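Coordinates in review
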Amino acid sequence: MFQKVFNRYEKKYLLAPDVYEAFKRELDTYMVEDEYGWHTIRNVYFDTVDNQLIRTSIEKPKYKEKFRVRCYGEPTEDAKCYLEIKKKYKGLVNKRRIGLSMEEATAYLFEGKEPQKQDQIFREIDYFLSRYQVVPKRYIAYDRLAMYGREDAEFRVTFDENIRSRVHNLTLRLDDETEALLEPGYKLMEVKVGGAIPLWFVELLSKHEIYSTSFSKYGRFYMRENLREKKKEI
């Protein structure tokens, strides 16, 4: 069933290749890879003309929000994509999304043609877009492996690699002419949990000396781009 609302805490960890291999071998004892295996996720992030949303996010306020369009795999006109508002308040992540065909999403976002089926979440997204007057800003894609707990399926861990981005040709249909964020072999691990992290997982983190980090894919690409622009001005 398509889940429209997520409420959970998310922790992020950056793993070097050797750490990932050793950690993953032990993690397989407690967790199961989902049926999709390694798969590609493509996103286009929207922001105001002056990048208000990502600039606010980088300042690490108690409350922040983002909007993106996401698809899984290589999209076609009738493939489903997801319009998502992602909010974070004091560490709790709330994600609200609707699923539309690529054709419907394009017509709504770029032509103002509303989809036939509408619900409360659509109205929230519509209000968000009208309030901020956002435009497409950045394409970000990555390859992901998702896992869930053998004893608690609500406990989820994902690994992202080959995180890549571009600021031109902002479409989900193409996945080329991008730049990489991480060195080859590095993984960004995300832990998604509704409550406390299991003790066995905490012990694994300690054993492999893995520590949480603040990591925003959009934020890091944005800051890298800003640094390049400042160097040009010197």
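To keep things clear, this report deals only with the structure shown in the data block.

Conventions we followed
Residues numbered from 1 in each chain as written. Predicted model: local features only at pLDDT ≥ 70, side-chain atom pairs only at ≥ 80, totals over all residues. Heavy atoms only, no water. Salt bridge = Lys/Arg side-chain N within 4 Å of Asp/Glu carboxyl O. Helix = DSSP H or I, 4+ residues; strand = E, 2+ residues; numbered from the N terminus. Buried < 20%, exposed > 50% of the residue type's maximum accessible area, 1.4 Å probe, protein only. Contact = heavy atoms within 4.5 Å. Polar contact = N/O pair within 3.5 Å; in protein donor to acceptor, adjacent residues only side chain to side chain. Expected span 1.5 Å × (residues − 1). Core = buried A, V, L, I, M, F, W, Y, C linked by side-chain atoms within 4.5 Å. Phe/Tyr/Trp six-rings, centres within 6.5 Å; stacked < 30°, edge-to-face > 60°. Pairing = 2+ DSSP bridges.

What follows is about the pattern of salt bridges. Per the counting criterion, the structure on display carries 23 salt bridges. The closest approach of N and O atoms between E84 and R97, which form a salt bridge, is 3.2 Å. With a gap of 13 residues between them, E84 in strand β5 (residues 80-89) and R97 in strand β6 (residues 92-101) connect regions that are remote in the sequence. Accessibility classification places E84 together with R97 in one group, the buried group. Look at the salt bridges and you will find they share partners, linking R138, E179, R224, E225 and R228 into a network.

Within the element layout of this structure, K217 appears in helix α6 (residues 217-233). Placed 36 residues apart in sequence, K217 and L181 show a C-alpha to C-alpha distance of 8.0 Å. If near-sequence neighbours (up to four positions away) are discounted, K217 is found in contact with I140, Y142, R144, D160, I163, L181, L188 and E190. There is a polar contact of 3.0 Å between the side chain of K217 and the side chain of E190.

Let us look at helix α4 (residues 120-132). Compared with the 18 Å implied by 1.5 Å per residue over 13 residues, the 19 Å span of α4 between its first and last C-alpha is a close match. Looking at the buried positions of α4, the neighbouring elements they touch are β1 (5-15), α2 (52-58), β4 (63-72), β5, β6 and α3 (102-111). Put simply, D119 is the residue that caps the front of α4, since its side-chain oxygen is 3.2 Å from the backbone nitrogen of I121. Looking one or two residues beyond α4, the residue adopting positive phi is Q133, at roughly 55 degrees.

For the rest of this paragraph, the subject is the nonpolar core. Counting residues in each nonpolar core, the largest one holds 24 residues, and the members touching the most others are F67, L83, I125 and F128. Of all the elements in the fold, those that place two or more residues in this core are β3 (39-47), β4, β5, β6, α3, α4 and β7 (135-149). Of all the elements, α4 adds the most residues to this core, at 6 residues. Once you skip the residues sitting within four places of it in the chain, F128 turns out to touch L53, E65, K66, F67, I85 and V134.

Unlike most non-glycine residues, N169 shows phi in positive territory, near 50 degrees. Along the chain, N169 turns up in the loop between β8 (156-166) and β9 (179-180). A relative accessible area of 39% means that N169 is categorised as partly exposed. Positive phi outside glycine occurs at E209, with the angle close to 55 degrees. Examined against the element boundaries, E209 turns out to sit in the loop between α5 (199-207) and α6.

Before going further, it helps to examine the packing of aromatic side chains. Applying the stated criterion to the full structure yields 13 aromatic pairs. Here the aromatic rings of Y45 and Y218 are separated by 5.0 Å at their centres, their planes lie at 40 degrees, and the arrangement is tilted. Placement of the pair is Y45 in strand β3 and Y218 in helix α6, with a sequence separation of 173 residues. Accessibility classification places Y45 together with Y218 in one group, the buried group. A ring pair is formed by F46 and F110, whose centres lie 6.5 Å apart and whose planes are at 40 degrees; its orientation type is tilted. Linking F46 in strand β3 with F110 in helix α3, this pair joins segments that are 64 residues apart in sequence. Chaining the aromatic ring pairs together yields one cluster made of F23, Y30, F155, W200 and F201.

This paragraph deals with α3. Those residues of α3 that sit buried are M102, A105, A107 and Y108. Looking at the buried side of α3, the elements it contacts are β5, β6 and α4.

A separate point is the pairing of β6. β6 sits mainly inside the fold: 8 of its 10 residues count as buried. One ladder, built from 5 bridges, connects β1 with β6; its direction is antiparallel. In the sheet register, V5 faces β6, and the bridge partner there is R96. Between the end of β5 and the start of β6, which pair antiparallel, lie 2 residues, with K90 showing a positive phi angle near 50 degrees.

This part takes up the environment of K137. Locating K137 in the fold gives a position in strand β7. With 92 residues separating them in the primary sequence, K137 and Y45 have C-alpha atoms 5.8 Å apart. A distance of 2.9 Å separates a polar side-chain atom of K137 from the backbone oxygen of V49. Here N51 takes part through its side chain, which lies 3.4 Å from a polar atom of the side chain of K137.

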